[in-house]
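Take a look at the letters that make up each chain.
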Amino acid sequence: MNLASIPSPSTGVIELGPIPLRGYAFCIIIGVFVAVWFGNKRWIVRGGKAGTVADIAVWAVPFGLVGGRLYHVITDYQLYFSEGENWVDAFKIWEGGLGIWGAVAFGAVGAWIGCRRRGIPLPAWADAMAPSLAIAQAIGRWGNWFNQELYGKPTDLPWAVEISEGANRVAGTYHPTFLYESLWCIGVALLVIWADRRFTLGHGRAFALYVAAYCAGRGWIEYMRVDEAHHILGLRLNVWTAIIVFVLAVVYIVLSAKLRPGREEIVELDRDTTPGKDSDKDGSAKADAAEKDAEDADAKKDPIGKDEPGKGLTAGSTEAAAEKG
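Small disclaimer: the values here were computed from a predicted structure and weren't measured. For every chain, the first residue of the written sequence is number 1, and numbering continues from 1 onward in sequence order. Local features in this predicted model are restricted to residues whose pLDDT is 70 or higher, and side-chain atom pairs enter the listing and the counts only when it is 80 or higher, whereas totals over whole chains, interfaces and linings include all residues. Each side-chain value is worked out from all heavy atoms of the structure, with water and hydrogens disregarded.

Caption draft 1: Highlighting the environment of L157. Helix numbers and strand numbers start at the N terminus; a helix is a DSSP run of H or I with at least 4 residues, a strand a run of E with at least 2. Along the chain, the position of L157 falls in the loop between α6 (142–147) and β3 (161–163). Each residue gets one of three labels from its accessible area relative to the maximum for its type: buried under 20%, exposed over 50%, partly exposed in between, using a 1.4 Å probe on protein chains only. According to the relative accessible area criterion, L157 is partly exposed, its value standing at 27%. As a C-alpha pair, L157 and S5 span 152 residues in sequence and 7.4 Å in three-dimensional space.

Here it is, written out as structure tokens:
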């Protein structure tokens, strides 16, 4: 019998009149707002403009949600498309199920689109956002607590989480892997902030450090989980994903440091000077006007075409020349 444990909420939904407030969605939303707020502060310190992070997040967040859900549904397809299951549940994102790997991959695509529209380098933006993303994950993981999911093996430790009887779960006390990952993500955020200040990371290396550090923790935390998952050579699929992504992140850090040392000096130009269609049109118009002014000045300076033989001669002067000849 446990003398202490972490109780789980009796329900994951709070009814605010006709509006249901789901704990899982609430944690995701809070995480996004905190990430944008803190990321904006870091972006300004890097020399960027206020509001740029929010503008790019408009692209990155929807892409990230779609990617996270797709990864979960594809890797756990049996929960939605096997016999007796309802495929419509695949769209019920509020019930849980976001794969961080898909969220980061698709979110990066959305961020690339947003950065391209603003004319700023994606690696610099990713570096500024790296610790913010880790903090957002730390907050978002508490959504699993509301849904009583993603817990580990049974334990009688004082910080065990209480799980009640329900669909696909047995009542008992288990390792709170959601809590372990939340605390790990906070540690990752602190590590990236320290390393960024200590080594002046740039060109995407702060983001790669965040990825590598997160994968290192996710590997052992994933190994503790007992929920259904696909296995390859005895290891859960997400463990293999963590190992592969960790290696890729470390390789990127090493190669990037050799090929592009230092940090970007300019991360965002003024909007008036940012390349784009409108600026190209304005620049062409200014160039045409300047060329016309130069031609007018030359005409005033040489009104009779003195520099070009045969031009500017009057009929009288032509006849005089002929008589003289």
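Moving on, there is more to tell.
Caption draft 2: Main features of helix α2 (residues 52–75). By definition here, a helix of n residues has an expected span of 1.5 Å times n minus one. Here α2 contains 24 residues, and its C-alpha end-to-end distance of 34 Å stays within 8% of the 34 Å for a straight helix at 1.5 Å per residue. In α2, a bend of some 35° at V58 exceeds every other bend along the element, and P62, a proline, comes one to four places later. To obtain the bend at a residue, axes are fitted to the seven residues ending there and to the seven starting there, and the angle between these axes is taken.

Caption draft 3: Structural context of the pattern of salt bridges. A carboxyl oxygen of Asp or Glu within 4 Å of a side-chain nitrogen of Lys or Arg is what we treat as a salt bridge. Counting across every chain of the model gives ten salt bridges. Of the charged contacts in the structure, one is a salt bridge between D196 and R263, with a shortest N-O distance of 2.6 Å. Taken together, the residues D196 in helix α7 (residues 177–199) and R263 in the loop between α9 (237–259) and α10 (277–301) connect sequence positions 67 residues apart. What you see here is one network of salt bridges that share partners, running through R141, E181, R218, E222, R225 and R236.

Caption draft 4: Geometry of helix α5 (residues 122–140). The largest bend along α5 measures about 45° and falls at M129, with the proline P131 one to four residues further on. Counting buried residues along α5, 14 of its 19 residues qualify, which places the element largely inside the surrounding structure.

Caption draft 5: Examining the packing of aromatic side chains more closely. Put simply, two rings from Phe, Tyr or Trp (the six-membered ring, in Trp's case) pair if the centres are within 6.5 Å, and we call them stacked under 30 degrees between planes, edge-to-face over 60, tilted for the rest. Counted according to the given criterion, the structure contains eleven aromatic pairs. On the numbers, 5.6 Å between centres and 80° between planes, the contact of W142 with W145 is edge-to-face. Here the residue W142 and the residue W145 both occupy positions in helix α6, the gap between them amounting to three residues, near one helical turn. A residue is classified by how much of its surface remains accessible, and W142, at 29% relative accessible area, is partly exposed. The rings of W142, W145, F146 and F178 are connected pair by pair, giving a single aromatic cluster.

Caption draft 6: Representation of the packing of helix α1 (residues 23–45) against α5. Between the N-to-C directions of two axes lies an angle of 0 to 180 degrees, each axis being a line fitted to C-alpha atoms and, for a helix, fitted only over the stretch in contact. Remark: α1 packs on α5, axes separated minimally by 8 Å, with the N-to-C direction vectors making an angle of 150°. The angle between α1 and α5 places the two elements in the roughly antiparallel class. As for how α1 packs across α5, the hand of that crossing is right-handed. Seen from α1, the contacting residues are C27, I28, I30, G31, V34, A35, F38, G39, R42 and W43; seen from α5, they are A124, W125, D127, A128, M129, P131, S132, I135, A136, I139 and G140. Classes in brief: Ala, Val, Leu, Ile, Met, Phe, Trp, Tyr, Cys and Pro nonpolar; Asp, Glu, Lys and Arg charged; the others, Gly included, polar. Considering only residue class, the contact of α1 with α5 consists of 15 nonpolar, four polar and two charged. To sort the angles, those under 35 degrees are grouped as roughly parallel, those over 145 as roughly antiparallel, those from 65 to 115 as roughly perpendicular, and the leftovers as oblique. By convention the crossing between two helices is left-handed if the near helix lies anticlockwise of the far one by an angle smaller than a right angle, and right-handed if it lies clockwise. Contacts are assigned to residue pairs that have any heavy atoms within 4.5 Å of one another.

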